[in-house]
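Reading the structure
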Amino acid sequence: MKVLSILIAAGLMTGVYFAMSGSSVDEVELAFGAYTTEFNKNYQSEEEYNFRKNIFEANLKTINEHNAKGVSFTMGTNAFTDWTDEEYKRMLGYKSNRNTPQEFRNLGDLPTNCKNLPRKSIDWRDEGIVTDVKNQGACGSCWAFAAVGSLEGAYAKTTGDLVSFSESQLVECDKFSHGCSGGLMFNGFNHWMRNSPRTEEDYPYPKNAKPGKCSEDKIPSDYPLLEWGYRVDITWECLYEALTHNVVSVAIRAENDPFRHYSGGIIDDDESHGIDCGTDLDHGVTLVGYDADEDAWIVKNSWGAGWGENGFVRIRRGEGMGVCGINQENSQAVYDDSEYRK
């Protein structure tokens, strides 16, 4: 069947869309055309085209209504604006440890008393221990990307060598997680304690985001086994202290409009505007910094550099379980724990 695609006349600014209130059919068509061009969308039938356009229209209305509120963060279109809720949810592959407490106890506690340290800005990207933003595709493998982010930071800080490690090794070989159907970051740590990490170059992530059979035994590795995986206790104080040592694998709540449509600024709960990110954890990401001036965490996502702030998101530091639940279930890969015990 002929593939449908929309070509927009030269000079049209594809990144700018109109307010949906009172829009005509032609305006909807024009905005959707700009979107399909910007995000290289192709549909296999007229029926699918109309189906996706209706989803796009509803999501764009949500985006514009939010942006009209003038709160601490903005929303915008991205690769998921024409996705169904079910398609989006499948990318959220973090499985809360509340259902697997024994596995979580396999990690040692971070050797710290979670001191209320004076807060100052930290950005591990500036120290050369954070790789470029990656893209998990339409696969619930966020947990593997979050685990790899922490491993990369631990190895780089210990050796001075920033290596892009393989998410596919975990997605295809970690028997305690479920590949594209979800998993846990500390399961990845436990796997690297028994099996040397492989590099992204040697064990690449499939372009179609569809994992195959485990190839770990066929790919040699000279990289050392991971020494430790530490559990970060609940509270922002513990999370901040862990961050002073290195990047951290963190779990958040992402099944919400603020995260799905995020384009910039600082995500914060705002009761007066009906904004609540939630705290039921479903997505794994990597904490790489803290902005003291804005009192916000700096988080690396795994949805490509076209999402959010070049692939990153800022989330307000909060008390209790934290904004988007970020204070709850976090862990850190460690090769050298000497500085933790000073």
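Conventions we followed
Residues numbered from 1 in each chain as written. Predicted model: local features only at pLDDT ≥ 70, side-chain atom pairs only at ≥ 80, totals over all residues. Heavy atoms only, no water. UniProt positions renumbered as here; feature names shortened; annotations may be inferred. Salt bridge = Lys/Arg side-chain N within 4 Å of Asp/Glu carboxyl O. Helix = DSSP H or I, 4+ residues; strand = E, 2+ residues; numbered from the N terminus. Buried < 20%, exposed > 50% of the residue type's maximum accessible area, 1.4 Å probe, protein only. Core = buried A, V, L, I, M, F, W, Y, C linked by side-chain atoms within 4.5 Å. Contact = heavy atoms within 4.5 Å. 1 Å grid on protein atoms, 1.4 Å probe; cavity = no way out; pocket = protein on both sides within 12 Å on 5 of 7 lines; lining within 4 Å. Points joined across faces, edges and corners; volume = space filled by probe spheres on them. Nonpolar A, V, L, I, M, F, W, Y, C, P; charged D, E, K, R; others polar.

Database annotation for the protein, UniProt heading Sequence similarities (unreviewed entry): "Belongs to the peptidase C1 family."

This part covers the pattern of salt bridges. A complete count under the given rule lists 20 salt bridges for this structure. Where E167 meets K134, a salt bridge forms, and the shortest distance between an N and an O atom there is 2.8 Å. Placement of the pair is E167 in the loop between α5 (142-159) and α6 (168-173) and K134 in the loop between β3 (122-123) and α5, with a sequence separation of 33 residues. Here E167 matches K134 in class, with each residue buried. Here R316 ties to D268 by a salt bridge, and the two come within 3.2 Å at their closest N and O atoms. A residue pair is termed long-range when its members are at least 10 positions apart, and R316 in strand β9 (residues 312-316) and D268 in the loop between β6 (262-267) and β7 (283-291) qualify at 48 residues. Ionic contacts of the salt-bridge type, sharing partners, join the residues R119, D295, R317 and E319 into one network.

This brings us to the nonpolar core. In this structure, Y88, F259, I267 and W297 are the most contacted members of the largest nonpolar core, which totals 52 residues. Counting only elements with at least two residues in this core, the list comes to β1 (73-75), β4 (228-232), α8 (236-245), β5 (248-252), β6, β7, β8 (296-300) and β9. With 6 residues, the single largest contributor to this core is α8. If sequence neighbours within four positions are ignored, F259 has contacts with Y88, I252, A254, I267, H283, N301, W303, W307 and V313.

For the largest pocket, the calculated volume is near 190 Å³. In terms of lining, the largest pocket is formed by 14 residues, of which the most central are A79, F80, N135, W303 and G304. Classifying every residue of the lining of the largest pocket by side-chain character gives 8 nonpolar, 5 polar and 1 charged.

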